[in-house]
Every structure is written in structure tokens, then in C-alpha cells.
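Residue strings, one per chain:
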Amino acid sequence: MSTLEKGGPALPQERKVVTSIPGPKSLELEARRGKAVPAGVGASFPAYVVAAGGGIIKDIDGNQIIDLGSGIAVTTVGNSNPRVVQRAKDQLDAFTHTCAMVNPYESYIEVAEALNRLTPGDHDKRSVLLNSGAEAVENAVKIARSYTKRDAVVVFDHAYHGRTNLTMAMTAKAKPYKTGFGPFAGEVYRAPMSYPFRDNFAANTKVSGEEAAARVIAMIDNQIGGENVAAIVIEPIQGEGGFIVPAEGFLLALVEYAHANGIVFVADEVQAGFARTGKMFACEWEGIVPDLITTAKGIAGGLPLSAVTGRAEIMDAVPGGGLGGTYGGNPTACAAALGAIESYEQDGLADRALELGELIVKRLEKMQASHPELGELRGRGAMQAVEFVKAGTMEPNAELADKLAAYAAERGVLVLVTGTFHSVIRFLPPLSISDALINDAFDVLEAGLDEILGK
Ligand code: PLZ
């Protein structure tokens, strides 16, 4: 058992199903939740948690569930990672809050320094700390607008950037994120994404990264004018959109266009960042150096923290007092982040992400060999997904994704369904999970697929 698995609640690293899932105690809590919490707050796997660590989530009924979601890509270093917990506990004993905008403290600077060091590019950088991914994206746009003195923001099909008013406008999918919540912030323009599976299937040819970028550039030139664009904001691998990995060269061509036109290039690494893809940041796979990078989720091992990191001259364009917030860079979240970053760097987590990715892909390829409904396998490292289609077509198969996720849930395996067409199952295990648990989970998924589709 590795140090990471031993961390936190030291749960036995095995799947155990002792009741139906959700069990009776979880169902009781679900009923209570329905009377206390608004219907708009969903819960896709309503087994109520009492402990989690390694690759296991233990629920209130005593079931032990294999975690292939990491709380949506957050507990990358493992739940209750010992380095995170120790530092957070020490901080809680020292002080809980002063407000970094009133009485600052060293850990805020340490986190900023670590982000400046770890993000791509060796130019002079600054980082501002915030609370959520959406808040980081909002601030990146504020900073880009302040620096460029321009308004327009370019985002992409299938993008997800958050649930605040500006980030809703930037997010692509109407239901459940936008419908009924308008009017949305203005000056947000959507460009076509490079989506190799669908681009190439439809055209029955290969749309290169450069060609896909040319579609975007034509759209910007024709509909906005490059000189009016403050920022191009893109997830280097789209998360909620379905783990869409753009064609090689797409991101680089956009960075070059941005720089030729005085546009700030923003990489939203909220979901793909922090060793998840086998490199500290997903941008590194494409050899690009963004001007600004937004991070959150994996940054602090489960505590709420986010950041915008970027070129000093851009970040410093906002006058004093223009950035901040009561809780931004909360001391306990900063302490946790320092523990998480230590774990990424000292526990070889990027390499572990690659190993896990290889294992997952091997298992998925085996399933794909007998089931053409697995339209495409894609991702990098421990950020992998399968897009389900009706066999031999590119018609999304949301029903199959849902059925398989439900089959897995009943047997104690948590997977998350995602994608614009709700037809993608994504695999985001904590990097503290064992190979044995991955194999056990995929045995369940394989049997599920055979049962649902007929072998
Ligand atoms: N940018 C790339 O993935 C959050 C949201 C799930 P917050 N993704 C999970 C849901 O249904 O709310 C996300 C992301 C990318 C920004 C965000 C927003 O991060 O911390 O949820 O605000």
C-alpha cells in the first residue's frame, strides 16, 4: 500500500457492496435533502459519504465505492492526502482568517510563487488567488480587458467555464447551465472547436489542427475583428464538453494568432491542470505558453481555492484594489495547496497519471474491440473518456452512457457522465488509486457493457 493510500481515513482499499446503492440511510438523507435544499442542486451519485481515501469512498450504509471521479477532478492527490491534512490542521490551529487584502500572510505568497514556477514559460509571472474555477475565469477576463482595453472574449463550442453570469455566457451548453438564467454578459463570442472525432467522421477526412484554427480565425476576423478581442479563452482539453482533445497544432495556431493581434491567450486549466494529464498542465502537451492560466480543482486537494497566473505585465495592468475578494487565498486553502503541490512534486503523481492512463486505455480498447458503440476513446494521462455512439454512426448514445453509469453505480463504481450530448463517460480517478481497484472497476464496466448490449 502506498503512502497515499494509507493517508486520510486509512480505508481498506477494496470495493464492498452491502446494501443497494444508494442504501436505506442514504435514501433517508436524500428525502431530507429534498426538503432542505433546492431542486436545482443535483446529486448524480446520492450515496452519502462518511469517509474517503486512496481510491475508495465509504458511504453511510457501509458500502465502499471505487472513485473514478475525484469529486470532478479535485482530489487528484487523494482524499485527505496526509500532506494536505497536516498543513491545513496546523493552519487552523494558528488562525482561520484575516483577509489577505487586510493582513496578508506568507502562505499566499508561497502558493503564488509555486504557481509562477510550475506554470509553462520562464517569463516573469504573478498569481492572484480566488475561491472557485468560475471566479478565476471571471478574473482572467477582467485582467485581459484591463490590459488590452478591449471588450470581446472568444470562447468555443462545448466549452465549460462556470455558473456565474459572465461564465454562464462563456459556457456553451444551454441545459442545465443557462436555460432560464439570462440575460447573459455581452461581448462573448463562440468559435468552432477542433473536435477530431466529429470533424473527421463527418468529413471523412482529416481536419488538421491548423485547418480547425483557420475556421476560428476566419470567424474572429469576419465577425468581431481581431483588434477588438481582449482574450481567447480555451480549455486545452475540454472537461464538461466531453474530454475533447483538439487536433495537434490547433492551440499553437491560436496562440500565434492571438500574439500577432495583441490578444491575451487564456488557458482554462481548471479541470485538466495539476498532473491530471501526466504533465503538470495540459498545455505542456502542445508546447504552448499561455499568457494567463486559470487553475482550481486539483490545486488544494479538496479545499476551495483557485488562481489566475500570468505574465507580470498583463497581471499588473489592473490598478491596486481592482482584484480580490473576502476569502480569496484563504489561509487554510493556501496551506492545503502547499501540501497538494508538495505531493504533486514529491510523490511522482504526473508519472502515476500516465501509468493509470495506460491501464485505463488498455481496458477501454478491449471493450471497444467487441462493441462499436465505443465511438472514440480520448484523453491524456488520468483524464480519459469514451464517447458512446449508435454503432457505426456518430449519433450520440446518451442512453448507453446513462445505463452503464447506473449499472456501475449499483455495483459500487462511480463514473461521471458528461459531454455536450451527455454521451461521454469520463474517468478521473484520484492518483492515489491502486491498479487493482482500476481493474476491478473495469471488470464491472466490461460486464455491464456486455449485459446491456449483449455480448
Ligand atoms: N472551468 C474547465 O471544468 C468546473 C463543474 C460542474 P468551479 N467544472 C465542473 C458543475 O456542474 O458545476 C470548471 C471547469 C473548467 C471552470 C470551471 C468552474 O469551476 O470551481 O465549479 O466554479
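Everything below is about the structure printed above this text.
If you're wondering where the values come from, they're calculated on a predicted model, not measured in any experiment.

Trainee: Looking at this model, I keep getting lost on the nonpolar core. Mind explaining?
Mentor: The nonpolar side chains of a soluble globular protein tend to be buried with one another. Leu 68, Ile 425 and Phe 427 are the most contacted members of the largest nonpolar core, which has 86 residues in total. Taken together, domain 1 (3-67 + 348-453) and domain 2 (84-346) each give at least three residues to this core, which thus spans both. Discounting residues that sit within four places of it in the chain, Phe 427 has contacts with Leu 68, Phe 243, Ile 360, Leu 364, Ala 382, Met 383, Gln 384, Ala 385, Val 386, Val 415, Phe 442 and Leu 445.

Trainee: Explain the pairing of strand S4 (residues 125-130) to me, please; I cannot follow it from the model alone.
Mentor: Successive side chains on a regular strand alternate, one facing one side of the sheet and the next facing the other. The buried count for S4 comes to 5 of 6 residues, which makes it a mostly enclosed element. The pairing of S4 with strand S10 (residues 306-311) spans 6 bridges and is antiparallel. Bridged to Val 128 within S10 is Val 308.

Trainee: I tried to follow the pattern of salt bridges on my own but got confused; where do I start?
Mentor: Close approach of charged atoms lets side chains of opposite charge pair. Applying the stated rule across the entire model yields 23 salt bridges. Ionic pairing is found between Arg 126 and Asp 124, a salt bridge with its closest N-O pair at 3.3 Å. Look at Arg 126 and you get partly exposed, because its relative accessible area is 33%. The partner of Lys 366 in a salt bridge is Glu 446, and the shortest N-O contact between them spans 2.9 Å. Linking Lys 366 in helix H13 (residues 349-370) with Glu 446 in helix H15 (residues 435-453), this pair joins segments that are 80 residues apart in sequence. By relative accessible area, which is 17% here, Glu 446 ends up buried. Each member of the salt-bridge network shares a partner with another, and the members are Arg 83, Arg 87, Glu 342 and Asp 347.

Trainee: Would you mind showing me how to read the site of the ligand here?
Mentor: Within the structure, the ligand sits among 15 residues, and Gly 133, Ala 134, Arg 163, Asp 268 and Gln 271 are positioned closest to it. A distance of 2.8 Å separates an oxygen atom of the ligand from a polar atom in the backbone of Ala 134. Asp 268 is positioned with one of its side-chain polar atoms (N or O) 2.7 Å from a nitrogen atom of the ligand. Burial of the ligand by the protein chains amounts to 83% of its free accessible area of 510 Å². Residues of the shell around the ligand, tallied by class, amount to 5 nonpolar, 5 polar and 5 charged.

Trainee: Can you walk me through the sheet that holds strand S8 (residues 264-268) in this structure?
Mentor: For sheets, the rule is that strands pair by backbone hydrogen bonds, running either parallel or antiparallel. In spatial order, the strands read S4-S10-S9-S8-S7-S5-S6; together these 7 strands make up an open sheet with mixed pairing. Of all strands in the sheet, those with a lone pairing partner are S4 and strand S6 (188-191), marking the two edges. Strand after strand, the sheet turns through a mean of 20 degrees between neighbouring axes, direction not considered. Bridge analysis of S8 against strand S9 (residues 292-295) gives 3 bridges, and the strand direction is parallel. Its bridge partner being in S9, Ala 267 is matched across the sheet by Ile 293. Contacts between helix H9 (residues 209-223) and the sheet are confined to strand S5 (152-156), S6 and strand S7 (229-234), with S6 contributing the most and set at about 145 degrees to the helix. Sitting on the sheet, helix H10 (residues 250-260) touches S5, S7, S8 and S10, and the angle it makes with S7 is about 165 degrees.

Trainee: Just checking my understanding: could you explain the packing of aromatic side chains for this structure?
Mentor: The geometry of an aromatic ring pair is captured by two quantities: the separation of the ring centres and the angle between the planes. The final tally for this structure, using the stated rule, is 7 aromatic pairs. Relative to Tyr 344, the ring of Phe 274 has its centre 5.6 Å away and its plane inclined at 25 degrees; by these criteria the two rings are stacked. Of this pair, Phe 274 sits in the loop between S8 and S9 while Tyr 344 sits in helix H12 (residues 331-346), placing them 70 residues apart in sequence. Since its relative accessible area comes to 1%, Phe 274 is described here as buried. Residue Tyr 344 is classed as buried on the basis of its relative accessible area of 4%. Among the aromatic side chains, those forming a connected cluster through ring pairs are Phe 274, Phe 281 and Tyr 344. In this structure, Lys 178 packs its charged tip against the face of Phe 184, placed 5.4 Å from the ring centre. Cation over ring: Arg 411 sits above Tyr 407, and NZ or CZ is 3.5 Å from the ring centre.

Parameters and conventions
Residues numbered from 1 in each chain as written. Predicted model: local features only at pLDDT ≥ 70, side-chain atom pairs only at ≥ 80, totals over all residues. Heavy atoms only, no water. Core = buried A, V, L, I, M, F, W, Y, C linked by side-chain atoms within 4.5 Å. Buried < 20%, exposed > 50% of the residue type's maximum accessible area, 1.4 Å probe, protein only. Domains from an automatic or database assignment. Contact = heavy atoms within 4.5 Å. Helix = DSSP H or I, 4+ residues; strand = E, 2+ residues; numbered from the N terminus. Pairing = 2+ DSSP bridges. Salt bridge = Lys/Arg side-chain N within 4 Å of Asp/Glu carboxyl O. Near = heavy atom within 4 Å. Polar contact = N/O pair within 3.5 Å; in protein donor to acceptor, adjacent residues only side chain to side chain. Areas by Shrake-Rupley, 256 points an atom, 1.4 Å probe, with all protein chains shown as cover. Nonpolar A, V, L, I, M, F, W, Y, C, P; charged D, E, K, R; others polar. Axes fitted to C-alpha atoms, helices over the stretch in contact; angles between N-to-C directions. Phe/Tyr/Trp six-rings, centres within 6.5 Å; stacked < 30°, edge-to-face > 60°. Lys NZ or Arg CZ within 6 Å of the ring centre and 35° of its normal.

Treat this as a map of the structure, not an account of what it does.
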